[in-house]
Amino acid sequence: MSPSKKKKTVADAVDRQWTARVGPALLERLAEGAAVGSPREPLVVEVPFTGETLGSVPLGTPDDVVVAVGVARAAQKDWVAVPVNERAAILLRFHDLVIANAHEILDVIQLEGGKSRRNAFEEVLDAAITARYYAHVSASLLRPKLRQGALPLLTTTREYRRPKGVVAVISPWNYPFMLSIGDAIAALVAGNAVVIKPDSQTPFSVLWAAQVFAEAGLPKGVLQIVPGSGAVLGPALIDNADYLMFTGSTATGRLIAQQAAGRLIDYSMELGGKNPAIVLDDAPLGRRAAGTTLGISTVDGIAFSITSGSGQVCVSCERLYVQSGIYDTFVPALAEALKTLPIGPSLGWDVDVGSLSSTAQLEKVSAHVNDAVAKGAKVLAGGKPRPDLGPYFFEPTLLEGVTEEMDLCRAETFGPVCAVYRFDDVDEAIARVNDSEYGLNASVWSKDVGRAKQIAARIEAGTVGINDAYQATWASASPMGGFKQSGVGRRHGAPGLLRFTEAQTVAVERVVPISRLPFLDNERYAQVMSLAIKALRYIPGIK
Ligand code: NAP
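Residues numbered from 1 in each chain as written. Predicted model: local features only at pLDDT ≥ 70, side-chain atom pairs only at ≥ 80, totals over all residues. Heavy atoms only, no water.

## Let's talk about the pairing of strand S13 (residues 397–400)
A regular strand carries its side chains on alternate faces of the sheet. Note: strand S12 (residues 378–381) against S13, 3 bridges, orientation antiparallel. Within S13, the residue paired with alanine 381 across the bridge is leucine 398. By the bridge criterion, 4 bridges tie S13 to strand S14 (residues 417–423) in an arrangement that is parallel. From the neighbouring strand, threonine 397 faces S14, where its bridge partner is valine 417. (Pairing = 2+ DSSP bridges. Helix = DSSP H or I, 4+ residues; strand = E, 2+ residues; numbered from the N terminus.)

Below, the structure is given as structure tokens:
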């Protein structure tokens with residue numbers, strides 16, 4: 001079959017599945033939800049499975065950002081007055097609607113992102129878990145806290161959490177739903193209004209989230225989406241918002257940090273990674289084939305970690321360190337697993353590995369692999385594009401013999417490509433793991449969990465999974481983010497909410513002013529205070 005005929009067949013099949021389920025009417029309705037003026041140029045969105053056009057949204061301008069932030073600022077004044085429990089109830093309704101309508105957002109995520117349904121479902125889970133978690137903990141996190149006063153009895157002090165105001169979220173294309181709305185959920189429940197600039201490749205997933213939030217009862221204007229170019233809209237957002245949440249590349253993060261410094265607005269950033277995994281001699285190998293075994297399979301876990309989202313996951317594994325005793329068993333088994341994972345364009349659950357997202361991604365991934373192979377790396381699995389499946393498909397790839405001269409040795413590939421290295425000594429493996437400018441995620445695989453925990457403590461990464469690639473850390477209520485060049489601040493957990501607030505301390509002085517006690521001159525005041533301070537030194541819990 002000729003490639004063009006094959007492509008048409010794939011396109012037809014995907015289109016048939018899509019229109020039978022939801023249809024283009026949904027996209028048109030979603031596009032109408034963009035917070036932009038009219039008329040505007042169309043921002044055309046592609047289906048990576050086929051290279052064909054999915055639909056378009058109006059392309060926002062810097063003026064649209066100014067208007068959106070103004071509307072958000074006005075809406076936030078009422079939103080902050082809504083009791084936290086009522087804000088949390090909207091989050092729970094959003095949670096229920098996402099689960100009930102998962103089929104719809106799964107189609108949208110897959111069609112504009114090109115990932116497998118299994119990986120798209122990770123986004124649904126994350127949005128629901130995040131909404132439920134913050135719905136349940138926000139009242140407690142945001143409640144005013146009684147703090148120890150300057151002097152016992154003479155003052156009372158409370159810490160309040162005030163919203164920042166308008167939070168701007170700039171998000172990437174790789175997990176477009178969860179990496180936009182997950183952060184927005186925390187910002188909203190803290191009493192902020194939010195303006196999201198989604199990636200130009202994937203605006204529909206975020207527009208869907210905004211539509212569902214409106215159905216869940218979120219007041220108008222509190223959450224707005226302005227699609228458009230980051231380079232064009234980014235500066236307008238930074239010039240007008242009160243806080244910035246950015247997920248994307250380290251290079252863009254640096255640029256944004258410089259701009260934010262001009263206004264001294266605070267930000268958090270989740271950036272790139274070159275994530276390692278350490279497989280120890282006693283790692284539980286397990287068997288392939290989901291559902292046939294209980295227990296941990298390092299082969300399955302690492303294969304998933306390399307191929308999830310076609311490797312376009314900030315936390316996916318690109319460096320694999322395997323101890324000598326298990327290397328010759330484990331590495332061929334992993335190569336075999338990668339070769340046999342179902343790959344292709346499908347809106348069904350039958351496929352594990354989807355497509356890369358764009359020409360740019362295909363070119364970068366191909367260039368990294370070709371450069372490595374040209375310089376002597378050995379291909380153990382994959383290594384090639386798969387134009388027979390769709391324009392941007394690339395085989396899950398395992399490379400051996402990767403050296404410092406090769407681009408993929410240190411730079412983030414952001415594709416289903418992993419370099420495997422042999423090691424004898426654990427100290428040496430840890431040193432190699434930490435020898436990176438990045439520090440986002442890592443994993444350690446061993447039957448001896450105590451030993452793996454000791455290794456985790458020595459790894460410079462914001463999250464470390466033990467016998468898990470990234471899902472156990474990511475989906476937990478514990479903070480997630482990067483060491484070194486992988487980020488600033490944390491999402492998830494308590495810090496993931498509190499970063500969207502300002503701490504405000506309100507202290508009340510009672511009876512007498514503590515700066516000048518009655519009947520005491522300055523010298524006597526100093527003597528009395530010194531005695532008091534000395535005495536307090538021996539009262540546990542008093543600062
Ligand atoms: P990117 O180029 O930095 O783009 C990410 C977002 O930033 C997009 O919305 C983009 O808009 C916008 N943008 C681009 N230039 C900008 C500028 N000058 N000012 C303001 N915004 C700007 O990132 P990418 O390469 O597409 O995404 C992949 C990267 O994200 C990888 O490095 C990956 O590791 C990282 N990532 C990190 C995490 C994490 O949690 N740590 C999660 C996911 C991805 P347009 O593209 O629409 O112009």
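Continuing now.
## Quick notes on the environment of leucine 223
Tracing the backbone through its elements, the reader meets leucine 223 in strand S7 (residues 223–225). Overall, the relative accessible area of 12% leaves leucine 223 in the buried class. Residue contacts for leucine 223: discarding those within four places in its chain leaves Ile181, Val194, Ile196, Ala210, Phe213 and Leu218. (Buried < 20%, exposed > 50% of the residue type's maximum accessible area, 1.4 Å probe, protein only. Contact = heavy atoms within 4.5 Å.)

## Some remarks on the site of the ligand
Close contacts around the ligand come from 29 residues, with Ser171, Trp173, Ser200, Leu271 and Glu412 the closest. Within the side chain of glutamate 412, an N or O atom sits 2.6 Å from an oxygen atom of the ligand. The contact in question runs from an oxygen atom of the ligand to an N or O atom on the side chain of arginine 491, over 3.0 Å. Burial of the ligand by the surrounding chains reaches 85%, relative to a free accessible area of 910 Å². (Near = heavy atom within 4 Å. Polar contact = N/O pair within 3.5 Å; in protein donor to acceptor, adjacent residues only side chain to side chain. Areas by Shrake-Rupley, 256 points an atom, 1.4 Å probe, with all protein chains shown as cover.)

## Observations concerning the sheet that holds strand S5 (residues 166–170)
One key point about sheets: their strands pair by backbone hydrogen bonds, in either a parallel or an antiparallel sense. One open sheet accounts for 6 strands, arranged S7-S6-S5-S8-S9-S19; its pairing is mixed. Looking at the sheet topology across the chains shown, the edges are occupied by S7 and strand S19 (487–488). This element, helix H3 (residues 62–79), spans S5, strand S6 (193–197) and S7 of the sheet and lies at about 155° to S6. Running at roughly 180° to strand S9 (residues 266–270), helix H10 (residues 250–263) makes contact with S5, strand S8 (243–247) and S9 of the sheet. (Axes fitted to C-alpha atoms, helices over the stretch in contact; angles between N-to-C directions.)

## Regarding the domain arrangement of the chain
Assigned domains of the chain: these are domain 1 (3–271) and domain 2 (275–485). On a C-alpha basis, the centres of domain 1 and domain 2 stand 28 Å from each other. Each partner contributes to the interface: domain 1 provides 37 residues, whereas domain 2 provides 42 residues. Between domain 1 and domain 2 the total buried area reaches about 2,900 Å² when both faces are included, carbon and sulfur atoms providing 55% of it. A per-residue breakdown of the area domain 1 buries against domain 2 is headed by Phe49, Arg118 and Trp173, which together make up 18% of the total. Here arginine 118 ties to aspartate 352 by a salt bridge, and the two come within 3.6 Å at their closest N and O atoms. On the surface where domain 1 and domain 2 come into contact, there are 15 residue pairs in polar contact (both at pLDDT 80 or more). For the side of domain 1 that touches domain 2, the secondary-structure elements that each account for two or more residues are helix H1 (3–21), helix H5 (102–113), helix H6 (117–142), helix H7 (178–189) and H10. Ranked by residue count, the leading element in the side of domain 1 that touches domain 2 is H6, at 8 residues. Broken down by class, the residue content of the side of domain 1 that touches domain 2 amounts to 15 nonpolar, 11 polar and 11 charged. (Domains from an automatic or database assignment. Buried area = accessible area lost by both parts, 1.4 Å probe. Salt bridge = Lys/Arg side-chain N within 4 Å of Asp/Glu carboxyl O. Nonpolar A, V, L, I, M, F, W, Y, C, P; charged D, E, K, R; others polar.)

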